[in-house]
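A structural walkthrough
Take a look at the letters that make up each chain.
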Amino acid sequence: MNIPFVDLKAQYKSIQKEIDSAISEVLSSTAFIGGKFHDVFEQDFARFCETKHCIGVGNGTDALFLALKALGIGPGDEVITVANSFIATSEAVTMTGARVVFVDINPLTYTIDADKIEEKITDRTKAILPVHLYGQPADMDPIQSLAKKYNLKVIGDAAQAHGAHYKGHPATSYADSTCFSFYPGKNLGAYGDAGAVVTNDDELADRVRMFANHGRLDKYNHLLEGVNSRLDGIQAAVLSVKLPHLNDWTEKRRRNAYAYNSRLKGLNVVTPVEIDDVRAVYHLYVVRVNSEARKPLQNFLKERGISTGIHYPIALPFLKAYDYLRHDGKDFPEALKASGEILSLPMFPELQESQIDYIAEAIREFGL
């Protein structure tokens, strides 16, 4: 049996007629930049997120950069974020000219440890950037409390958390703005790069939209220098086709996560933990194994046709890109330890229980 890490072909086949028709409509109407497909998706995704505004942009990294930039964050400022994420999170902070400040992870959820944020706040801190990693919402109540106490902004990174809920509400409800990636492998994925910023703040939405479109108020009338980061018509049309399926796909991901949990029970494998009263959306299904066993286990699974990944093998503060911050292992012990033990197993809505049985049996056969 061969089990891919993610199966985009299976998803495409299930909605092929809708997708092909939508793309054909964009081509026939030549609505490549802006236009009705773009507008419809922005309206529908804002409604899905229960926010007033959605601004479609070129990719998830741009979404983070533009959200930060629109809040006036720049040189001399600091933004606090988590030590375990993809570099886009911290990269976007640096792109504004601000300094990124890392906080260790909660070892149970791998999201930012809210109890360790306050010690990192200085008079230069302007925002907290929690990441809803792997589709698990960060613990937002204490983050909101800190933001209120110190007059900070909150920008959510939901690149892996489309549709995630925290205490009965979309995770988007707990931030000044929330940023999404629609990279093809995401829970809601385009057929190329795409992203979005969602917010309930009218003024912030206007600034994000302006920055993303060369800083212009209207054609050739530029209030400031911006960038070129726009959601194109084809990607918007693809996303509009997929959006009505997202809740069903999410429930299938959750079903598969619980099936994994059941099959892996009793093994020396730490399965994902959901904090109370959340709806995790399982962009990734990440387990934890002994660091010495991880590589041999990966090889063993590969021999049996099972693809795996590691998200992420190097915690952000320890990347060469951040040598200038002069961090060492004792600064972020939980993130460092986790980076040597985490392992991502196949996860996608079309994954079958028989495939999960096969994967679990292979892990059992390995000897964990």
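Here, every reference points to the structure presented above.
Definitions and cut-offs
Residues numbered from 1 in each chain as written. Predicted model: local features only at pLDDT ≥ 70, side-chain atom pairs only at ≥ 80, totals over all residues. Heavy atoms only, no water. Pairing = 2+ DSSP bridges. Helix = DSSP H or I, 4+ residues; strand = E, 2+ residues; numbered from the N terminus. Axes fitted to C-alpha atoms, helices over the stretch in contact; angles between N-to-C directions. Contact = heavy atoms within 4.5 Å. Salt bridge = Lys/Arg side-chain N within 4 Å of Asp/Glu carboxyl O. Polar contact = N/O pair within 3.5 Å; in protein donor to acceptor, adjacent residues only side chain to side chain. Buried < 20%, exposed > 50% of the residue type's maximum accessible area, 1.4 Å probe, protein only. Arc of directions from axis to C-beta.

1. Examining the sheet that holds strand E5 (residues 153-157)
The seven strands are arranged E1-E9-E8-E5-E4-E2-E3 in an open sheet whose pairing can be described as mixed. Each edge of the open sheet carries a strand with a single partner, namely strand E1 (53-57) and strand E3 (99-103). For this sheet, the mean angle separating the axes of adjacent strands, direction not counted, is 25°. The pairing of strand E2 (residues 78-82) with E3 spans five bridges and is classified as parallel. For threonine 81, the partnering residue across the bridge sits in E3 and is phenylalanine 102. Against the sheet, helix H3 (residues 35-49) contacts E1, strand E8 (177-181) and strand E9 (195-199), and its axis sits at roughly 130° relative to E1. Those strands touched by helix H5 (residues 87-95) are E2, E3, strand E4 (125-129) and E5, and its axis lies near 150° from that of E3.

2. Re the pattern of salt bridges
Here the structure, examined in full by the defined rule, presents 24 salt bridges. With a closest N to O distance of 4.0 Å, glutamate 251 and arginine 254 form a salt bridge. Taken together, the residues glutamate 251 and arginine 254, both in helix H9 (residues 246-264) and three residues apart, mark about one turn of the helix. One continuous salt-bridge network, built from bridges that share partners, spans Glu251, Arg254, Glu274 and Arg279.

3. A look at the side chain of histidine 162
Here histidine 162 shows up in the loop between E5 and strand E6 (165-166). Polar contacts involving the side chain of histidine 162 include one to the main-chain carbonyl oxygen of serine 181, which spans 2.7 Å. Contacts of histidine 162, omitting those with residues within four sequence positions, involve Phe48, Phe180, Ser181, Phe182, Lys186, Asn187, Leu188, Leu246, Thr250 and Val281.

4. Thoughts on the sheet that holds E6
Sheet architecture is open: three strands sit in the order E7-E6-E12, paired in antiparallel fashion. Every interior strand has two partners, whereas the edge strands, strand E7 (169-170) and strand E12 (278-279), have only one.

5. Quick look at helix H6 (residues 140-150)
Buried within H6 are the following residues: Met140, Ile143, Leu146 and Ala147. Buried residues of H6 fall within an arc of 125° about the axis and therefore sit on the same side. Every exposed residue of H6 that faces more than 90 degrees away from the buried side is listed here: Lys148 and Lys149. In this structure, the buried side of H6 is in contact with E4, E5 and E6. In the stretch just after H6, asparagine 151 is the one whose phi turns positive, near 55°.

6. A short note on the side chain of serine 177
As for its placement among the helices and strands, serine 177 is situated in strand E8. For serine 177, a relative accessible area of 1% puts it in the buried group. Leaving out residues up to four positions away in the same chain, serine 177 has contacts with Ala67, Val154, Ile155, Gly156, Val197, Val198, Thr199 and Leu204.

Purely spatial values, then, with no claim about function.
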